[in-house]
Amino acid sequence: LLFIQIFFLVLLISSNIKAQQTPLLSDNLTNYFNLDESSGNTINLVNNLPGAVPQGGAVQGIPGVINTAYSLTGSGDYIGVINSPGVCMFDNTCAISMWIKFTSTLSRAIWYQGSSGGNLHDSVKLYVWDANPAGGLSLQIANAGGTVQAINSPFSISDNNWHHAVIVGNGTNYFLYIDGSLSNQAISLYTPQAAPPIELFGDRPGGDNWNGQIDEIGIWNRALTPAEIIELYVKGRALWNYTAWQN
């Protein structure tokens, strides 16, 4: 009997250690915007304080993946993050997650983090790709000199359906995931160094407003694992005890 008790005690301790070593989706999460506001500033659910500001006529309260979302018209409106943590600057490990829905195949900025100058130096950004294929996604990394490395998805998602996009940087490589699957990856050739950076969803400095809908934005200062990205896609969001799966 004592042997059996010791065996189950060791098993319990081992399970607890393993659970503690397994990161949660809330670990190193710096910003989470569920975009459920019908008006006013966007709340960062990590600290329950205003964390972003919808600008230029962004429409709040439209039907989203979970509850409501924001709609951006492509005409001067965007979401500006307050005091961006700049998680993807200086070879930092980072992850950006969002749900997006659009039909336009024009080359426009869905997400931008980097220099406040209009020349796009020192930045990481996610664009709608306008060719080969039109309506695909393009992750673009620019160095201080403005030279750009592009990591493009091989298929279009401009089909007016919700799609889950995740950008991951691990300090060496950048990865682009779409709907839970790795779309493309590349060794990072450049190191954006904007300090302090700005962060926008739906625009970049100098223009290129995006026309589409966006929901459930997460920003981490660590790289998410492929399993965590699948979990985000299947369950739809971070920071909740899930009672329903979205996909």
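Presented here is an overview of the structure given in this document. (Residues numbered from 1 in each chain as written. Predicted model: local features only at pLDDT ≥ 70, side-chain atom pairs only at ≥ 80, totals over all residues. Heavy atoms only, no water.)

Topic: the overall build of the protein
Using the following cut-off: Segments assigned H or I by DSSP are reported as helices when at least four residues long, segments assigned E as strands when at least two residues long, and all are numbered from the N terminus. The cut-offs for exposure are 20% and 50% of the maximum accessible area for each residue type, with area from a 1.4 Å probe on protein chains only; residues under the lower value are buried, those over the upper are exposed, and the others partly exposed. Per-residue and other accessible areas were derived by the Shrake-Rupley procedure at a 1.4 Å probe size, with only the shown protein chains allowed to occlude residues.
Looking only at helices and strands, one finds two helices and 16 strands in the protein. Each of the 247 residues in the protein was classed as buried or not, and the buried ones make up 48%. Within the structure as shown, the protein displays about 11100 Å² of accessible surface, and the carbon and sulfur contribution to it stands at 53%.

Describing the side chain of Asp203
Condition: Positive residues here are Lys and Arg, negative ones are Asp and Glu, while His and the chain termini are left out of the count. When a carboxyl oxygen of Asp or Glu is within 4 Å of a side-chain nitrogen of Lys or Arg, the pair counts as a salt bridge. Here a polar contact is recorded for every N or O atom pair within 3.5 Å, except that within protein the pair must consist of a potential hydrogen donor and a potential acceptor, and residues adjacent in sequence are included only if both atoms are side-chain atoms. Contacts are residue-level and defined by heavy atoms, with any inter-residue pair within 4.5 Å sufficient.
In this fold, Asp203 is placed in the loop between strand E15 (198-201) and strand E16 (211-220). Buried and unpaired, Asp203 has Arg204 as its nearest opposite-charge partner, separated by 6.4 Å. Here Asn209 takes part through its side chain, which lies 3.3 Å from a polar atom of the side chain of Asp203. What Asp203 contacts, discounting residues up to four positions off in sequence, is Tyr78, Ala109, Tyr112, Asp208 and Asn209.

Observations concerning the packing of aromatic side chains
Remark: the centre distance and the inter-plane angle together describe each pair of aromatic rings, the angle taken between the planes. Keep this limit in mind: We call Phe, Tyr and Trp rings a pair once their centres come within 6.5 Å, taking the six-membered ring for Trp, and we label the pair stacked below 30 degrees between planes, edge-to-face above 60, and tilted otherwise.
Throughout the structure, instances matching the rule amount to two aromatic pairs. Taking 5.8 Å as the distance between ring centres and 25° as the angle between the ring planes, the aromatic pair formed by Trp99 and Tyr233 counts as stacked. Of the two residues, Trp99 sits in strand E7 (residues 93-101) while Tyr233 sits in helix H2 (residues 226-235), which places them 134 residues apart along the sequence. In this structure Trp99 comes out as buried when scored by relative accessible area, which is 3%. For the pair Phe102 and Trp210, a centre-to-centre distance of 6.0 Å together with 70° between the ring planes defines the contact as edge-to-face. On the criterion of sequence distance, the pair formed by Phe102 in the loop between E7 and strand E8 (109-114) and Trp210 in the loop between E15 and E16 is long-range, its members being 108 residues apart. A relative accessible area of 1% places Trp210 in the buried class.

Let's talk about the pairing of strand E4 (residues 59-63)
Where a strand is regular, its side chains alternate between the two sheet faces. Put simply, the rule is: Think of it this way: DSSP has to see at least two bridges between two strands before they count as a pair.
The pairing of E4 with strand E5 (residues 68-73) spans four bridges and is antiparallel. Residue pairing for E5: Val59 is matched across the bridge by Ser71. In this structure, the hairpin formed by E4 and E5 is closed by a connection of four residues, where Asn67 is found at a positive phi of approximately 60°.

A closer look at the nonpolar core
Applicable threshold: To qualify as a nonpolar core, a set must consist of buried Ala, Val, Leu, Ile, Met, Phe, Trp, Tyr and Cys residues joined through side-chain atoms within 4.5 Å.
One finds Met98, Ile100, Trp111, Leu137, Phe201 and Ile214 to be the most contacted residues of the largest nonpolar core, which totals 38 residues. The biggest single contributor to this core is E7, with four residues. Setting aside anything within four residues of it in sequence, one finds Met98 in contact with Ile110, Trp111, Leu126, His163, His164, Ala165, Ile167, Phe201, Ile214, Asp215, Glu216 and Ile217. Counting residues in each nonpolar core, the second largest holds 13 residues, with Leu25, Tyr177, Leu232 and Ala238 among its members.

Quick word on the sheet that holds strand E2 (residues 42-44)
Counted only if it meets this: Axis geometry follows a simple rule: fit a line to the C-alpha atoms, using only the stretch in contact for helices, then measure angles between N-to-C directions, giving values from 0 to 180 degrees.
Taken together, the eight strands give an open sheet; going across it, the order is E2-E3-E6-E15-E8-E9-E10-E11, and neighbouring strands pair in antiparallel fashion. What marks the edges here is a single partner per strand, and that holds for E2 and strand E11 (148-152). Neighbour-to-neighbour, the strand axes of this sheet turn through a mean angle of 25°, independent of strand direction. Note: E2 against strand E3 (residues 49-55), three bridges, orientation antiparallel. For Ile43, the partnering residue across the bridge sits in E3 and is Pro50.

Quick look at the side chain of Thr68
If you trace the backbone, Thr68 turns up in strand E5. A distance of 3.3 Å separates a polar atom in the side chain of Thr68 from the backbone oxygen of Leu35. Discounting chain neighbours no more than four positions away, the residues touching Thr68 are Asn34, Leu35, Asp36, Glu37, Gly61, Ile62, Pro63 and Asp215.

Considering unusual backbone geometry
For the bond running from Asn132 to Pro133, omega is 0°, close enough to zero to count as cis. The linkage connecting Ala195 with the following residue, Pro196, adopts the cis geometry, with an omega of -10°. Residue placement: Pro196 occurs in the loop between strand E14 (181-187) and E15. For Asn28, which is not a glycine, the phi torsion comes out positive at approximately 60°. Here Asn28 is to be found in the loop between helix H1 (2-21) and strand E1 (29-33). Positive phi values are uncommon outside glycine, yet Asn48 reaches one of about 60°. On the basis of relative accessibility, which here comes to 56%, the residue Asn48 falls in the exposed class.

Such coordinate-based values are descriptive only and should not be taken to indicate function.
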